[in-house]
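Analysis of the macromolecular model
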Amino acid sequence: MLLLALIILPLIAAMFCLAPDVMPVRMKALVSSLVSLGLTAYAVSLYITDPGDMLAFDTWWIKDLGISFNVGMDGISLLLVILTNVLVPLIILSSFGSDYDRPRTFYALVLLMQAALIGVFTSMDGFLFYIFWELALIPIYFICLMWGGSDRIRITLKFFIYTMTGSLLMLVGLIYIYLQTPGTHSFAIADLYNVSLSSGDQSWLFWFFLAAFAVKIPIFPLHTWQPDTYTEAPAQGTMLLSGIMLKMGTYGLIRWLLPLFPQALNEYGGIIMGFAITGVIYASCMALVQKDFKRLIAYSSLAHAGLIAAGIFSMNTEGIQGAMIQMLAHGVNVVGIFFIVEIIQRRMKTRSLDNLGGIAHINPVFTILFMIILLGSVALPLTNGFVGEFLLLNGIFQYSPWMAAAAGLTVILGAVYMLRSYQQIMLGEPREKNNEFTGLRVSEKVVLISIAAIIICTGIYPKPILLLTEPAVEEILSHIKQVY
Amino acid sequence: MINLSWLIPVLPLLGFIVIGVLNKRISVNLSGIIASAMVLCSFIISCTLFFYVKEDSSVPEYIKMFDWIKTGGVDISFSFLIDRLSVIMLLVITGVGFLIHVYSIGYMHHEPDHSRFFAYLNLFIFFMLILVMGSNYIVMFAGWEGVGLCSYLLIGFWFKNTDYNNAAKKAFIMNRIGDLGFLLGIFLIYTTFGSVSFREVFSAAKGFTTGDATITAITLLLFVGAIGKSAQLPLYTWLPDAMAGPTPVSALIHAATMVTAGIYMIVRSNVLYSLAPFTGEVVAITGLITAVFAATIGLKQNDIKKVLAYSTVSQLGYMFVALGVGAYDTALFHVVTHAFFKALLFLCAGSVIHAMSNEQDIRNMGGLKKQLPITHFTFLIGTLAIAGMPPFAGFFSKDEILAKVHEHSLPMFVLLSLTSVLTAIYMFRLYYLTFHGNFRGSEQQKTHLHESPGVMTIPLLVLAVLSAVGGFIGMPAITGLPHLFSEFMQPLVSFRHHDGEPSEMFEITLMVVSVIALIVIILAVRNYYISKKNVPEGEEVKLAPLTSLIYNKYYIDEIYAAVITRPLDKISSIVYRRVENGFIDKIVNGTGNIVTAASNVFRVVQTGNIGFYIFSMIIGIIALLALNLIL
């Protein structure tokens, strides 16, 4: 029931947001997201002690078609629910400094997005998963379309068509597997897992499912919607996309692709890993030559996401555990860094690296917080980024040392583009316009300090998170190992 | 006492936090005193640990703090290892570190942002201590990257200056190149041994035969890390640039401690390196080439700190040669003596720069011994120590390295001896040009000349004493006195087999020859720069080709820029335009366009005429039925 509440609460709050009220809508949204966060904390404590049936909910939805409203949580789902419900309040808080038109619609869409994401991460029924998967696209589409930059219409359309195409291929695959289930057919995840697919079927189904996930992550070369969309979307849209939504793709790989098609994985996994790692290097090089800081971060996110995907295809505990913890770390860090972009843009009215400089002189607090987030992003030990990157590269190394060596170039290139942009924005002679940069708003401080605290705490003591997901990851891996 | 050892790194961390939080609310004296006090406390605890370890030669102590990364087969705890090796390093870091902290109170007196400086300095000490105390490769790596970060922050301390910022960035990135090798080495250790903790790896390594390919690969990869951190060819170019940082930083990070991390790491891994003779050769040759190469560059530099920087690169090369021939304890011995005299030399240079109103060019100095008597005296001791004059500290460690190398290979011995000659030349050149002859600076500088305050000169005197007598802990065999250092390190270092001790005859010859050579060099250098009053030429004069080549540091930076940095940016931007926007995206948009075009064709049938729809529907049904019949 608790889980159901986590999905329904944002939906109800979204409706309240739409209604006019004396209370400012952003406060309503914030309160709702904080309640969600509290409930998530309660869910974690339940999960550790005695989950009972609080963290699952199962009822028939369309019984004749074997479709049920079945949601549940293992460690993997729980981690992503934590990610979502930690980030959404921060994202809402980050918008306090922006004045959006039609704020009621804006916050309602953000909360709708939250509900859909939690649905994606907890669905234990293929059909339900697909519904939530597509549902999540709708609010983000409108957020980008209504509050985005000047070129938003063209770019949002491209993004929409791109992801829809991938999703539809997955739907075809899903229905095909559903039709292989025995008896009156069922979309329940356990039944889908149990279908024994011929290796011929596996090889085409694998690509159909992969299409949906690879576009969402995105894996090179299916990424061209990403830099455009990240750059044009409003700050909060970018944060939702990069912080949480791309994890739908990596989550999909772990929850669906790995257990469903172990044989195909054995056959094509290496190729996909090759593409993912090519993407890591490629995106890092693209980041090197960007002048727009937001676009630079978009490419850096692409590199990080590629590494997560590569780690998943290593198909060992280290790699997938690394992917899990890196999903959390990347989500937090990328939201932090996109917020840095937004804070700079609010004050300087530009994101162009050429026009920035010397901010460190007048705003030491901002400098320190930027530095901490940067360190998390370049995976310095004792920050959250290191734990993930270490486990990912270690997992990849066990799969293939050469792949790891290639992927490891991110260690160098990441430092290059991050330090370059840091230097250009923060260091050097101060610019005249910098006087705008005095102080940070309270909401800005709260967001950045929370993120910095998470970066350091989970970097020093990641054990609880790793413990949380390990059994579930082993469970997923056992599906693969059965085949070999 | 061993239970308090966790305090050793935690105290400087505390200092970092306290000073960082108080920031500009406290005076330079207070922030400096807090920072120094923290390091002093760590030093005192380290001293007690030294006696503890010395008395009790039993097993090393492992102190587990908490589980860090634990999942699947990976089980990395955040734990410390207290043994003879780490204690030696602890003493050097906290001891020399403390002196440099005290010195900085005077040196940074006019710096408005002093709290940031001392906070970073404490943070550096914290990470450096983590590096040497870690009981597994990952904790070591955490310290390893952490000191790199502090190095970055401190080189770019004066961040208004773009050149300084570039130097800082270069240091971090060059180090990261090495770190990737280190990291891959750790992965290979993990896949080979199933663990990264020193205890388990080294005991499992005993089951491997000498020359094992995997061990060779591991040691080579780890060595890549050492090349980056300890500024060896081809990754050394960041170290001379790192002199952009405040001088105490150069003394602490870029001479005494951080840059020796690579040597520490190899000594720590000596079990593995002893199994990989091929790597040993690679290490020795890399060190040798670096030693010679950097020494030649040192001959022609005119910036007082740059000379010392190249000298550091060269001396680190010495240490690697010692490591390469399996003389791990000798390398460590040189780390210790080098920490004394090189920290001393840098701090003296700082004192000179301080007196000269930030002038660093030795062509504008000269005759400073009158105004800076203490600095002059201590600098002379440092110079004698590094040049290898008995009985100063450098003599013992350097001669020991030469003796060990002689056993290993004659050509190496010859080249390394040549480097000693070069070292003596560039150091005395520096000494004479700075302190003797006539003053060549401006009038304004001349009136401003003054000896540094006591807070700066006392650390100089302490380091001078250490540089003078520090070598006595490692007496050569012929003196009949015990080699205390080697005895202390005995339980830890697994020696590669030697063909016996160097002969007495050889040792005596070596000593006598080196002393005579040294005296000749000193006289010759004095004659050239003082009696004949030669002053090095600057950029404005056309230099002879070879001199010009050396003066410009063999154009290594320019080569790197032309071969790596610029092509990477160039290729990336071409790919960005042609591939990213011009190709991949075109395909995507092209697909979209095809669909749109196709839709335009099919749109024709959407006439809105219901009759047409019904007509085509019936045609369709008939077609389906027909198909059904046929099939």
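Residues numbered from 1 in each chain as written. Chains lettered and ligands numbered in written order. Predicted model: local features only at pLDDT ≥ 70, side-chain atom pairs only at ≥ 80, totals over all residues.

Overview of the overall build of chain A
Test applied: The helix and strand labels rest on DSSP assignments: H or I over at least four residues marks a helix, E over at least two residues marks a strand, and numbering proceeds from the N terminus. Radius of gyration here uses only the C-alpha atoms, and the compact-globule reference equals 2.2 Å multiplied by the residue count raised to the power 0.38. Exposed residues have 12 or fewer other C-beta atoms within 10 Å of their own C-beta, buried residues have 20 or more, and residues in between are partly exposed; the C-beta atoms are placed from the backbone.
When helices and strands are counted, chain A shows 20 helices and two strands. Computed over the C-alpha atoms, the radius of gyration of chain A is 21 Å, within 12% of the 23 Å expected from 2.2 N^0.38 for a compact globule of 484 residues. With respect to the three principal axes, the spread of C-alpha positions in chain A is 75 × 60 × 45 Å. Across the 484 residues of chain A, 62% fall into the buried class.

Observations regarding the overall build of chain B
Going by this rule: Contact criterion: two residues are in contact if their C-beta atoms, reconstructed from the backbone, are within 7 Å.
In terms of helices and strands, chain B carries 25 helices and two strands. Along the first, second and third principal axes, the C-alpha atoms of chain B reach 115 × 65 × 55 Å. Classification of the 631 residues of chain B by burial places 53% in the buried group. In chain B, 81% of the contacts between residues at least 6 apart in sequence involve partners at least 24 apart.

Remarks on the packing of helix 8 (residues 213–229) of chain B against helix 13 (residues 277–299) of chain B
Residues and elements named next belong to chain B. The cut-off we apply is this: Angles shown run from 0 to 180 degrees and are taken between the N-to-C directions of axes, each axis being a line fitted to C-alpha atoms and, for helices, limited to the stretch in contact. Oblique is the label for every angle not falling under 35 degrees (roughly parallel), over 145 degrees (roughly antiparallel), or within 65 to 115 degrees (roughly perpendicular). Crossings are classed by handedness, with left-handed meaning an anticlockwise turn of the near helix from the far one by less than a right angle and right-handed meaning a clockwise turn.
One can describe the packing of helix 8 onto helix 13 by two numbers: an axis separation of 9 Å at closest approach and a directional angle of 20 degrees. One element, helix 8, and the other, helix 13, form an angle in the roughly parallel class. Here helix 8 runs over helix 13; the crossing is right-handed. Touching Thr216, Thr219, Leu220, Phe223 and Ile227 of helix 8 are Phe278, Thr279, Val282, Val283 and Thr286, all from helix 13.

Things to note about unusual backbone geometry
All names here are of chain A. Residues Ile217 and Pro218 are joined by a peptide bond in cis, for which omega reads -15 degrees. Tracing the chain through its elements places Pro218 in the loop between helix 9 (199–216) and helix 10 (225–232). Cis rather than trans, the peptide bond between Phe220 and Pro221 has omega equal to 0 degrees. Considering the arrangement of structural elements, one finds Pro221 in the loop between helix 9 and helix 10. Phi at His185 takes a positive value of approximately 70 degrees, unusual for a residue other than glycine. Structurally, the position occupied by His185 is in the loop between helix 7 (152–180) and helix 8 (189–194). Within the chain, Met315 stands out as a residue other than glycine whose phi angle is a positive 55 degrees. The residue Met315 is located in the loop between helix 13 (293–313) and helix 14 (317–348) in this model. The class of Met315 is buried, set by 21 C-beta atoms lying within 10 Å.

With respect to the environment of Ser351(B)
All names here are of chain B. Within the secondary structure, Ser351 sits in helix 15 (residues 328–355). C-alpha of Ser351 to C-alpha of Met456: the two residues are 105 residues apart in sequence and 7.6 Å apart in space. Residue contacts for Ser351: discarding those within four places in its chain leaves Leu372, Thr375, Ser452, Met456 and Leu460.

Quick notes on helix 17 (residues 393–408) of chain B
Counted only if it meets this: An expected span of 1.5 Å times one less than the residue number is assigned to each helix.
The end-to-end C-alpha distance of helix 17 of chain B is 24 Å, a good match for the 22 Å that 16 residues give at a rise of 1.5 Å each. Judged by how many residues are buried, helix 17 of chain B sits mostly within the fold: 14 of 16 residues are covered.

Focus on the interface of chain A and chain B
Let me state the cut-off plainly: Here the term charged refers only to Asp, Glu, Lys and Arg, the term nonpolar to Ala, Val, Leu, Ile, Met, Phe, Trp, Tyr, Cys and Pro, and the term polar to all other amino acids, Gly among them.
Taken together, the 38 residues of chain A in the interface contact 40 residues of chain B. Of all the secondary-structure elements, those providing two or more residues to the side of chain A that touches chain B are helix 12 (262–288), helix 14, helix 16 (384–399), helix 17 (401–407), helix 18 (409–426) and helix 20 (463–483) of chain A. Looking at the side of chain A that touches chain B element by element, the count peaks at seven residues for helix 16 of chain A. Split by residue class, the side of chain A that touches chain B holds 26 nonpolar, eight polar and four charged.

Comments concerning the pairing of strand 1 (residues 56–62) of chain A
Residues and elements named next belong to chain A. Put simply, the rule reads: Whether two strands pair comes down to DSSP finding at least two bridges between them.
Of the pairings in the sheet, the one linking strand 1 to strand 2 (residues 67–72) comprises six bridges and is antiparallel in character. The partner of Phe57 across the bridge, within strand 2, is Val71. Between strand 1 and strand 2, which pair antiparallel in sequence order, lie four residues; one of them, Gly66, sits at a positive phi of approximately 70 degrees.

Notes on helix 7 of chain A
All names here are of chain A. With 29 residues, helix 7 should reach 42 Å at 1.5 Å per residue; the first-to-last C-alpha distance of 42 Å fits that figure. Of all the residues in helix 7, the buried ones are Arg152, Ile155, Thr156, Phe159, Tyr162, Thr163, Gly166, Met170, Gly173, Leu174, Ile177 and Tyr178. Buried residues along helix 7 sit in contact with helix 5 (126–135), helix 6 (137–147), helix 8, helix 9, helix 10 and helix 11 (235–260).

Some thoughts on the nonpolar core
As a reminder of what qualifies: Only buried residues count toward a nonpolar core: Ala, Val, Leu, Ile, Met, Phe, Trp, Tyr and Cys, linked into one set through C-beta atoms within 7 Å.
Core analysis: the largest hydrophobic core is formed by 405 residues, its most contacted members being Ala276(A), Phe124(B), Val321(B) and Ala343(B). Setting aside residues no more than four positions away along its own chain, Ala276(A) makes contact with Ile219(A), Phe220(A), Gly306(A), Ala309(A), Ala310(A) and Phe313(A).

Examining the packing of helix 13 of chain A against helix 18 of chain A
All names here are of chain A. It is the contact of helix 13 with helix 18, at a shortest axis distance of 12 Å, that shows an interaxial angle of 160 degrees. One way to sum up the angle between helix 13 and helix 18 is to call them roughly antiparallel. Where helix 13 crosses over helix 18, the handedness of that crossing is left-handed. Mapping the contact onto sequence places Phe293, Leu296, Ser300, Ala303 and Leu307 in helix 13 and Thr410, Gly414, Tyr417, Ser421 and Ile425 in helix 18. When its residues are assigned to classes, the contact of helix 13 with helix 18 shows six nonpolar, four polar and no charged.

Re the confidence of the model for chain B
Interpretation of this model should avoid reading the predicted coordinates in detail wherever pLDDT is low. Here is the rule: Confidence of the predictor at the level of single residues is captured by pLDDT, which takes values from 0 to 100.
Per-residue confidence for chain B gives a mean pLDDT of 86, with 97% of residues at or over 70. With a pTM of 0.90, the predicted complex shows an ipTM of 0.90.

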